[in-house]
Structure formats: structure tokens, C-alpha cells
Amino acid sequence: MEVQAFSSDHPMAVIHFYKYQGTGNDFIMIDNRQEVVDKTDLALVKQLCHRRYGIGADGLILIENSQETDFEMIYFNSDGSKSFCGNGSRCAVSFANYLGMVGDNAEFKAIDGFHEAYIMQDQVFLRMRNVEKVEQFEEDMFINTGSPHYIRFVKELAAMDVVEEGRKIRNSELYKAEGTNVNFVEPTQEGKLYVRTYERGVEDETLSCGTGVTAAALASTYLGYSSPVKLLTPGGQLQVAFKTKGNDQFTDIYLSGPATFVFKGEINI
Ligand SMILES: N[C@@H](CCC[C@H](N)C(=O)O)C(=O)O
């Protein structure tokens, strides 16, 4: 990845940022109501997310004003590509609450449409978009939960090379143009699902993926699981509740888990 180090010699602007994490999926949050960040500057997004030359994060989120709803959330992966992010949205709701833009209930706009969310104790509950279809590939599945997810149930997930296996699927003929996130899932003895995710746009394994665990929870209904499904990721625990409609449709999908402020700072660009 090509990035440039920050230069503090001739600062042109100061950006105040906040760092949040949702089960270890970490994000730079910026209040962009005054348009301090040029959202077409993808080199800046890459630079800010870089773990050695920048602040370091899986993604960057801009919170902007919206005419239609409480706020708009604009999500960038660390490589500058755009998508929808479940954990990022939960962190965005927590950040918007901190900014005083919303109370414990919020409605916001994202790249995949409008979302409702609420905060209860230390958990943020996020309503995901309805899922209209599940694609089946022998034992694997593909579900779009706002972002695209390939799901494979495996054994001995803890020992698996998720980066190598995930990258093969992400770069396969079927997906290489648009890319896909790849989730490896293993049922646990306690009736939960252990999920590890290779994320496109980060091009690495992340500690957790909200849209990914949502896809895994919906896919697990074909193995006899029912709502709510508890999921363990390397970064912590999430829950997905939903209603089923017919064979492969899901409505009222709620992803919930913690969304935590880590630190804040400022950077000259
Ligand atoms: N970590 C996210 C998903 C982020 C988007 C993904 N990498 C993509 O490009 O589709 C989540 O919590 O949902």
C-alpha cells in the first residue's frame, strides 16, 4: 500500500478524530458536519488508517448532517473503498450520542439505506436491512447483509489460516472484481457460533465483523439454529436476532454488542 508519512512542518488543517472499537473492529470517527474532510480524498483515508504511518484502523467513518434523518454515516475501508459496516455503524451511533446529535434512539442513513438503532446500557442494537435471498454453493453460502459475505462452516477454526483461505475465495473468478468478505464459522459446544472473518478492503483478518456475524447467524438457520444467535469473534461477543420469512428471507434483523470509545486526538494534514 502506498502511503506518505504525515508532515508536521506545514500544517494546513487540524482534524480532530475519535477512535472507537466494536469487539475489536476499530474505526477512526470524524465529525464532518463542517466538511473538514474532503471525502473524495481516498489517499487521506488510507493514510489515516495506516497502522504505521497514520492513526491506524480497519476503517474510517465520517458523520455528516442529513436532511432526511438524524445523521449520515459514510464508511471507508482502510484501503479507501466504500461499503456498509455493522460494527462501524454501532460505533457511529455511540459517537453521534456523544456529540449530542441523538439520544438513546437513532435513525441514520448509510450506503445501503436507512437504519434504526438504540443504545441500552453498554450495548448498541442496530437494525440491519432485510435479507431477500441466500445463495447456496454446495455447503457454502453467500448473503448480502449490507455488505457481501461468503460463509463456510468449518472444523478446527482456531488453527485455520483465515488470511490464506479467505484471500483465495475473495480473489476467486466469481468475486475478484467486486470482492467479498469471507467468514469461517464453527458451532461451539455452548450453542454459539465462533466466527473469523477475512475482510475485503482491509485485505486481512479483522478481530470482528458485524455484517459478517449477521450473515453467519442467518446461515446457521440451515443447521437448525434459531433467533437469537450468540456469536464469538476473536474480538468479543455479538448477538443477532431476526425473524424468518419463507425459506431464505429474513426481516427485523438486529445486531447488538458493545461500541467503545478508545481515545481521541488531533492530526495535521
Ligand atoms: N467490518 C464491517 C464490514 C466492513 C465492510 C467490508 N470490509 C466490505 O468491504 O464489505 C462490519 O462490521 O460489518
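What you see is a predicted model, and the numbers here were worked out from it, not measured in a lab.

Caption draft 1: Main features of the overall build of the protein chain. Along the protein chain, the regular secondary structure elements total 4 helices and 17 strands. For 269 residues, the compact-globule estimate of 2.2 N^0.38 gives 18 Å, and the protein chain sits close to it at 18 Å. On the principal axes, the C-alpha backbone points of the protein chain span a range of 60 × 40 × 30 Å. Put simply, the protein chain has 269 residues, and 42% of those count as buried.

Caption draft 2: Expanded view of the environment of Lys133. Inspection of the secondary structure puts Lys133 in the loop between β7 (123–127) and β8 (135–137). Using a count of 12 C-beta atoms within 10 Å as the deciding quantity, one classes Lys133 as exposed. Separated by 10 residues in the primary sequence, Lys133 and Ile143 have C-alpha atoms spaced 7.0 Å apart.

Caption draft 3: Spatial organisation of the confidence of the model for the protein chain. With 96% of its residues at a pLDDT of at least 70, the protein chain reaches an overall mean of 96. Mean pLDDT across the elements of the protein chain bottoms out in β8 (95) and peaks in strand β12 (residues 193–199) (99). For this predicted complex, the interface score ipTM comes out at 0.98, while the overall pTM is 0.96.

Thresholds, definitions, all that
- Residues numbered from 1 in each chain as written.
- Predicted model: local features only at pLDDT ≥ 70, side-chain atom pairs only at ≥ 80, totals over all residues.
- Helix = DSSP H or I, 4+ residues; strand = E, 2+ residues; numbered from the N terminus.
- Rg over C-alpha atoms; globule rule 2.2 N^0.38 Å.
- Buried ≥ 20, exposed ≤ 12 C-beta atoms within 10 Å, placed from the backbone.
- pLDDT = per-residue confidence, 0-100.

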